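Next come the chains, spelled out residue by residue.
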Amino acid sequence: MSTLTTNQTKWKEYEKGAFRFFFIYFVLQALPLDWKYFGNLFRIQWGSLSFGDIFYISRYTPQFISGSSTPGTWGIGTLADWALIAGIALIWAIIWSIRDKKSENYNKLYYWLRVILRYRLAIGIIAYGFIKFFPLQSPLPSLSNLNTSYGDFNRWKLFSLSLGIVPGYESFLGLVEIIVGVLLLFRKTTTFGAVIILVFTGNVFISNIAYDGGEAIYALYLISIALFLTVYDALRIYNLVALRKPTAPNTVKISLSGQWRTSRLVLKSLFIFFFVFLYGYKTYAAYHHDIYQYPKAKGLAGVAGLYNVSDFKVNNKQLPYSQTDTIRWNDVVFEKWATISISSLKRYKADTATTEEISSRDKDRRYELDGTTGRAYYSYVADTVNQVLLLKNRNSNYKADQFTLHYTKPANGTIILTGVDHNRDSIYVQLDRINKKYLLQEAAQGRSKALKL
């Protein structure tokens with residue numbers, strides 16, 4: 001059983017009316033009522049649960065109208081969902097007001113609504129906190145990224161790369177989110193955590209707008225919950241801090257006894273174990289064994305690096321270096337994983353993800369090519385016996401771009417590629433490895449030391 005303790009027993013009429021609306025609105029926003037969400041839950045292989053599964057569980061938002069098989073894909077349609085929910089809340093609140101003339105307050109409902117929102121907000125913040133604390137969300141730039149011109153990236157990719165080159169700062173941002181999320185799990189520290197979220201996630205919201213990110217709507221969703229939680233103590237904080245008036249704390253508290261108290265402790269322990277310790281451990285393991293932004297399949301042994309295209313022939317016709325030729329390759333990068341990127345003067349249509357996506361399948365891990373037009377990215381399967389590479393363009397706008405090349409390594413640091421490209425033209429390419437030093441890496445030793453590239 002539960003006992004309510006409070007120093008506020010009678011609410012004003014407008015307070016009760018407003019509460020009825022917000023209670024229904026936030027319950028519909030926070031509790032998973034969208035059938036697509038449960039469809040995602042049923043697809044999870046719980047025996048081999050990954051941190052990506054927990055990540056998607058944590059970022060639920062109702063999508064009754066916008067609709068998507070992938071939970072957490074937000075756009076302008078999400079605002080239509082919000083409008084629908086607000087309309088339903090308004091109608092129910094009016095009916096509730098007509099039928100309920102006796103209630104003097106809703107302290108107990110208010111308490112439980114805050115519990116729901118505290119935990120909903122906590123898992124939303126913690127989910128993003130751990131993929132920053134272990135720098136997964138914005139990893140170190142790939143070799144191809146380091147050899148792409150600044151102007152060939154869109155704004156969001158530049159933002160992400162800028163964060164990725166300072167993993168210590170990214171970890172700090174993640175730590176802040178984790179700490180704030182944990183503060184929300186406890187009633188006495190909720191307001192403190194919610195205020196920090198307003199500032200922190202408010203910056204995330206603005207940065208998503210400024211840099212063309214795709215998660216501004218979700219950030220706004222989290223901000224709206226934090227704002228509602230902050231309002232609970234806002235007037236008292238204003239009286240105390242701004243007006244310096246004696247202010248009594250709000251002592252609304254639910255005391256549970258017997259099996260209810262035990263159930264609460266068990267549920268809270270399971271919640272913290274699942275969304276904090278288990279999720280944290282799995283993101284830690286991913287950081288050391290499988291950074292989800294880059295493909296997992298290993299590349300051809302001993303060839304990772306940047307290569308100059310010293311000889312390039314198409315249909316046995318040699319193409320020299322040119323400032324206008326969009327056919328000739330300029331340089332090629334073999335990544336440590338099974339990706340080849342080719343630089344040329346040809347401009348490619350950028351493939352851009354709008355939201356943070358975590359996939360176990362290499363073909364869905366497109367961070368390395370997202371938001372850039374400067375290089376063509378190919379995944380490859382190597383037949384090391386016959387020395388053949390089967391290449392597939394990773395850009396979703398060029399799915400038909402697939403071809404096979406034979407490779408040889410006549411000398412250390414030299415690779416010869418021959419075959420027929422996707423245009424059915426025969427090509428001959430000689431690649432010579434460049435032992436290039438990068439200022440970004442050299443400068444990491446300290447700005448006070450001399451640099452030589």
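Located above this text is the structure these notes cover.
Fair warning: this is a prediction, and the values are worked out from it, not measured in the lab. In this convention, every chain numbers its residues from 1, walking through the sequence in written order. Note on the predicted model: pLDDT of at least 70 is required for a residue's local features to be given, and 80 or more for side-chain atom pairs to be given and counted; whole-chain, interface and lining totals, by contrast, use all residues. The basis for every side-chain value is the complete set of non-hydrogen atoms in the structure, without hydrogens or water.

(A) Spatial organisation of the environment of Tyr 287. Relative to the helices and strands, Tyr 287 resides in helix 11 (residues 258-289). Between buried and exposed lies partly exposed: a residue is buried under 20% and exposed over 50% of the maximum accessible area for its type, with that area taken using a 1.4 Å probe on protein chains only. For Tyr 287, a relative accessible area of 33% gives the class partly exposed. Non-local contacts of Tyr 287, meaning those with residues more than four positions away in its chain, are made with Phe 134, Pro 135 and Leu 136. Helix and strand definitions here come from DSSP, where helices need a minimum of 4 consecutive H or I residues and strands a minimum of 2 consecutive E residues; each element is numbered from the N-terminal end. By the convention used here, residues are in contact when the closest approach between their heavy atoms is within 4.5 Å.

(B) Broad picture of a positive patch on the surface. A grouping of Arg 187, Lys 188, Lys 253, Arg 261 and Arg 264 is seen on the molecular surface, where their side chains present a positively charged patch. Among the secondary structure elements, Arg 264 is positioned in helix 11. What makes a patch is a set of residues exposed beyond 30% relative accessible area and free of salt bridges, joined within 9 Å when like-charged and within 5 Å when nonpolar (Val, Leu, Ile, Met, Phe, Trp, Tyr). For accessible areas, the Shrake-Rupley method is used with a probe of radius 1.4 Å. Any residue's cover is judged against the shown protein chains and nothing else. Counted as salt bridges are all cases of a side-chain nitrogen of Lys or Arg within 4 Å of a carboxyl oxygen of Asp or Glu. Note that His is not counted, nor are the chain ends; the positive residues are Lys and Arg, and the negative ones are Asp and Glu. In plain terms, the charge of a residue is placed at NZ if it is Lys, CZ if Arg, CG if Asp and CD if Glu.

(C) Molecular detail of the side chain of Thr 414. Position of Thr 414 among the secondary structure elements: in strand 10 (residues 414-420). With residues near it in sequence (within four places) discarded, Thr 414 still touches Thr 408, Lys 409, Gln 430, Leu 431 and Asp 432.

(D) Summary view of the pairing of strand 6 (residues 339-344). Counting buried residues along strand 6, six of its six residues qualify, which places the element largely inside the surrounding structure. Here strand 6 shows two buried faces, one formed by Thr 339, Ser 341 and Ser 343 and the other by Ile 340, Ile 342 and Ser 344. Looking at chain direction, strand 5 (residues 329-334) and strand 6 are connected through five bridges and run antiparallel. Counterpart to Asp 331 in the pairing with strand 6 is Ser 343. Pairing of strand 6 with strand 7 (residues 375-383), which is carried by five bridges, proceeds in the antiparallel orientation. When DSSP finds two or more bridges between a pair of strands, those strands are recorded as paired.

(E) Spatial organisation of helix 3 (residues 51-58). Within helix 3, eight of the eight residues are buried, leaving the element largely enclosed by the surrounding structure. All of the buried residues along helix 3 are Phe 51, Gly 52, Asp 53, Ile 54, Phe 55, Tyr 56, Ile 57 and Ser 58. Its buried side turned inward, helix 3 meets helix 2 (35-43), helix 5 (107-133), helix 10 (216-242) and helix 11.

(F) Spatial organisation of unusual backbone geometry. If you check the backbone angles, Asp 212 has positive phi at about 60° while not being a glycine. Notably, Gln 387 is not glycine yet its phi reads approximately 55°, a positive angle. By secondary structure assignment, the location of Gln 387 is in the loop between strand 7 and strand 8 (388-393).

(G) Representation of the packing of helix 1 (residues 13-30) against helix 5 within the structure. To obtain an axis, a line is fitted to C-alpha atoms, over the contacting stretch when the element is a helix, and the angle between two such axes runs from 0 to 180 degrees between their N-to-C directions. Look at helix 1 against helix 5: their axes get within 10 Å of each other, and the N-to-C directions meet at 30°. Judged by the angle between their axes, helix 1 and helix 5 are roughly parallel. Our pair here, helix 1 against helix 5, has a crossing hand that is left-handed. Two secondary-structure elements touch here, helix 1 through Phe 19, Phe 22, Phe 23, Phe 26, Val 27 and Ala 30 and helix 5 through Leu 109, Tyr 110, Leu 113, Ile 116, Leu 117 and Arg 120. Charged residues are taken to be Asp, Glu, Lys and Arg, nonpolar residues to be Ala, Val, Leu, Ile, Met, Phe, Trp, Tyr, Cys and Pro, and polar residues to be all remaining types, Gly included. Taken together, the residues of the contact of helix 1 with helix 5 sort by class into eleven nonpolar, no polar and one charged. Angle categories: roughly parallel below 35 degrees, roughly antiparallel above 145, roughly perpendicular from 65 to 115, and oblique for all the rest. Handedness of each helix crossing follows the sense of rotation of the near helix against the far helix: counterclockwise by less than a right angle gives left-handed, clockwise gives right-handed.

(H) Examining the packing of helix 5 against helix 8 (residues 167-184) more closely. Contact geometry of helix 5 with helix 8 gives a least axis separation of 7 Å together with a crossing angle of 160°. Considering the angle they form, helix 5 stands roughly antiparallel to helix 8. Pair helix 5 / helix 8 crosses with left-handed handedness. Across from Arg 118, Leu 121, Ala 122, Ile 125, Ile 126, Tyr 128, Gly 129, Phe 130, Ile 131, Lys 132 and Phe 133 in helix 5, the residues of helix 8 making contact are Glu 170, Ser 171, Leu 173, Gly 174, Leu 175, Glu 177, Ile 178, Gly 181, Val 182 and Leu 184.

(I) A look at the environment of Pro 167. As for its placement among the helices and strands, Pro 167 is situated in helix 8. Each C-alpha atom of the pair Pro 167 and Lys 298 lies 23 Å from the other, and the pair is 131 residues apart in sequence. Discounting chain neighbours no more than four positions away, the residues touching Pro 167 are Pro 135 and Leu 140.

(J) Fine view of a nonpolar patch on the surface. Residues Leu 31, Leu 33, Phe 64, Ile 65 and Leu 84 make up a contiguous nonpolar surface patch of roughly 410 Å² in combined accessible area. Following the sequence through the fold, Leu 33 ends up in the loop between helix 1 and helix 2. Leu 33 gets classed as partly exposed once you look at its relative accessible area, which sits at 47%.

(K) View of the pattern of salt bridges. Counted according to the given criterion, the structure contains 14 salt bridges. One continuous salt-bridge network, built from bridges that share partners, spans Arg 59, Glu 215 and Glu 357.

(L) The packing of aromatic side chains, seen in detail. Only centres within 6.5 Å qualify two rings of Phe, Tyr or Trp (six-membered ring in Trp) as a pair; their planes then separate them into stacked at under 30 degrees, edge-to-face at over 60, and tilted for everything else. Counting across every chain of the model gives 43 aromatic pairs. Residues Phe 22 and Phe 26 carry aromatic rings whose centres are separated by 6.2 Å and whose planes lie at 25° to one another, so their mutual orientation is stacked. Of this pair, Phe 22 and Phe 26 both sit in helix 1, four residues apart, roughly one helical turn. Overall, the relative accessible area of 5% leaves Phe 26 in the buried class. Seen from their ring centres, Phe 22 and Phe 228 are 6.1 Å apart, and the 45° between their planes marks the pair as tilted. Within this pair, whereas Phe 22 is found in helix 1, its partner Phe 228 is found in helix 10, the two being separated by 206 residues in sequence. Among the residues examined, Phe 22 registers a relative accessible area of 34% and is labelled partly exposed. Taking relative accessible area as the criterion, Phe 228 reaches 13% and is therefore assigned buried. Following the ring pairs from residue to residue traces out a cluster consisting of Trp 11, Phe 19, Phe 21, Phe 22, Phe 23, Tyr 25, Phe 26, Trp 96, Tyr 106, Tyr 110, Phe 228 and Tyr 232. In our convention, an over-ring charge means Lys NZ or Arg CZ found within 6 Å of a ring centre and within 35 degrees of that ring's normal. A cation over an aromatic ring shows up here: Arg 114 above the ring of Tyr 232, its NZ or CZ 3.7 Å from the ring centre.

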